[in-house]
Amino acid sequence: MDNSAVYVRERGSLRRVGDIILVQPKPASSCRRTNPFVLRKEHFIFTYNEEGSLRYTTKSLFDITLLFVADNIQHVDSLVGFPEQIGDRLFAAAEENRVFLDPAISQKALKLFSDAYGDMVLGSLCLRNRFPLLHERMDEIKTFHSLKSLDLFGCRLGDDHEIFQHLTSPSLANLIQLFIGGNNVSDVGLQRLTAPIRMMQKGLDRLLLLDVSYNPISEWGLRYLKCLPVLVKLDASGTNMKLGTRLKTTIWNLLGLIHSEKPLDCFDHSGCKSEGWAEQWETNGSQMPKQKKIEDSRASALRFFGRQKFVRDVLNAAPLITGSVKDSSTEKLHFYKPAANKHAKEKPVPPASSRRVLPPCSDIKKRKQESSSCDASRQSPPTKRSSSSAFTAEDVDLLNSY
């Protein structure tokens, strides 16, 4: 009991013994009486009867307590162990009180719910073409630790964005779908994104689907995706790669994927949306109160640092790839991992001139039954490279930067 919180009720008000200051009750301006024992207006439910007369009933003690905790959510240490029904109602009460729009407590409040309830808070986050929101609410986005699907299509990430480190962190260990298309990510960006995976064997262990479409990526950059152990679907449409026998052979040798003649439905963004208790978070986040004052403050800061015109042009510019990117003339490069019983039928046979392109068994020497081992390696899914693999100087520099 020495470390427990102690609350005292004096003259109709509840306070905690300690240095924490609770939220003061809102003044009831419509109430003419000044009796301090009169309950807050929020504790009553006002309705009208059939005759049109006003009537009211008191809220339950649970609802009153829920409102009190929502008002002081920044002082809650943990919600682990509380039933999800209570967590759902508490999250709704906090959202109704616009708690998540307060930058002072928004990050802590979201982390509080995310640590306790995981993907029920937010299991899928869609930020497609929401470039300003991604940069304004980066700290809040990092609090969602149980995302299974993350759509960052058209968010202007480039080759050196801070979210790359977050994508390969233990916080996103459950991520199975990642969309980073239309972000001007080149081979260098893929190298930087996968550097922690290739060198430290950490990150994106469960990633099944990856969208890198409409990025300046070449066949050379595909070798950086070899470290993804369970990748089964890849979208490379709109890149610098052209569909042909050589590309099919390279992707098969590196990733064990074959080309899909029919576009895969999983890469259709029409049904992409955020799912969970905080599914309206990104909508409310883009409509923050006093937006004009925030923009004026931001403009003053940019003017101080001498980058006002440059940053404003970036923020006001149209996204690199819009929702109408699906052009009929664009070649769909969708690849998937075939079923085990279809390997013999689906397996591409490279011509004699292209057999030397990255053969999986070319580096294996002094081993008996070389041909059988090559066939076995082609039929088995690609595994992570061991830490003893040779790294270039660029890889070492990237590792040091982390």
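See the structure shown above.
Just so it is clear, the structure is predicted and the values come from calculations on it, not from any experiment. (Residues numbered from 1 in each chain as written. Predicted model: local features only at pLDDT ≥ 70, side-chain atom pairs only at ≥ 80, totals over all residues. Heavy atoms only, no water.)

Trainee: So what exactly am I meant to see when it comes to the pairing of strand 1 (residues 7–10) here?
Mentor: Along a regular strand, successive side chains alternate from one face of the sheet to the other. Of the strand pairs in this sheet, strand 1 and strand 2 (residues 13–16) are connected by four bridges, and their pairing is antiparallel. Within strand 2, the residue paired with Glu-10 across the bridge is Ser-13. (Pairing = 2+ DSSP bridges. Helix = DSSP H or I, 4+ residues; strand = E, 2+ residues; numbered from the N terminus.)

Trainee: I tried to follow the packing of aromatic side chains on my own but got confused; where do I start?
Mentor: Two aromatic rings are characterised by how far apart their centres lie and by the angle between their planes. Evaluated as defined, the whole model comprises five aromatic pairs. Taking the centre distance of 5.0 Å and the plane angle of 85° together, the rings of Phe-91 and Phe-113 count as edge-to-face. Taken together, the positions of Phe-91 in helix 2 (residues 84–96) and Phe-113 in helix 3 (residues 106–117) put the pair 22 residues apart, joining distant regions of the chain. Grouped by ring-pair contacts, the aromatic residues Phe-91, Phe-100, Phe-113, Tyr-117 and Trp-277 constitute a single cluster. Taking the ring centre of Phe-153 as reference, the NZ or CZ of Arg-128 above it sits at 4.0 Å. (Phe/Tyr/Trp six-rings, centres within 6.5 Å; stacked < 30°, edge-to-face > 60°. Lys NZ or Arg CZ within 6 Å of the ring centre and 35° of its normal.)

Trainee: How should helix 7 (residues 187–200) be read in this particular structure?
Mentor: For the α-helix, the turn length of 3.6 residues means that residues three or four positions removed from each other point alike. For helix 7, built from 14 residues, the straight-helix expectation of 20 Å at 1.5 Å per residue is met to within 8% by its first-to-last C-alpha distance of 20 Å. Along helix 7, the sharpest kink reaches roughly 50°, centred on Thr-194 and followed within four residues by the proline Pro-196. Among the residues of helix 7, Asp-187, Gly-189, Leu-190, Gln-191, Arg-192, Leu-193, Thr-194, Ala-195, Pro-196, Ile-197, Arg-198 and Met-199 are the ones counted as buried. (Expected span 1.5 Å × (residues − 1). Bend = angle between axes of the 7 residues up to and from the residue. Buried < 20%, exposed > 50% of the residue type's maximum accessible area, 1.4 Å probe, protein only.)

Trainee: What should I look at first to understand empty space enclosed by the protein in this one?
Mentor: Think of a ball as big as a water molecule: rolled over the atoms, this probe shows where empty space is left. The tally for this structure, following the rule as stated, stands at one cavity of 30 Å³ or more. Element by element, the count of residues in the lining of the largest cavity is highest for helix 7, at three residues. For the lining of the largest cavity, the residue count by class is eight nonpolar, one polar and no charged. (1 Å grid on protein atoms, 1.4 Å probe; cavity = no way out; pocket = protein on both sides within 12 Å on 5 of 7 lines; lining within 4 Å. Points joined across faces, edges and corners; volume = space filled by probe spheres on them. Nonpolar A, V, L, I, M, F, W, Y, C, P; charged D, E, K, R; others polar.)

Trainee: Sorry, what's going on with the pattern of salt bridges here?
Mentor: Two side chains bearing opposite charge may form a pair once their charged atoms approach each other closely. Applying the stated criterion to the full structure yields seven salt bridges. For Glu-140, the salt bridge is made with Arg-137, and the minimal N-O distance between the two is 3.4 Å. Among the residues examined, Glu-140 registers a relative accessible area of 8% and is labelled buried. Residue Arg-192 is joined to Asp-160 by a salt bridge in which the shortest nitrogen-to-oxygen separation is 3.1 Å. (Salt bridge = Lys/Arg side-chain N within 4 Å of Asp/Glu carboxyl O.)

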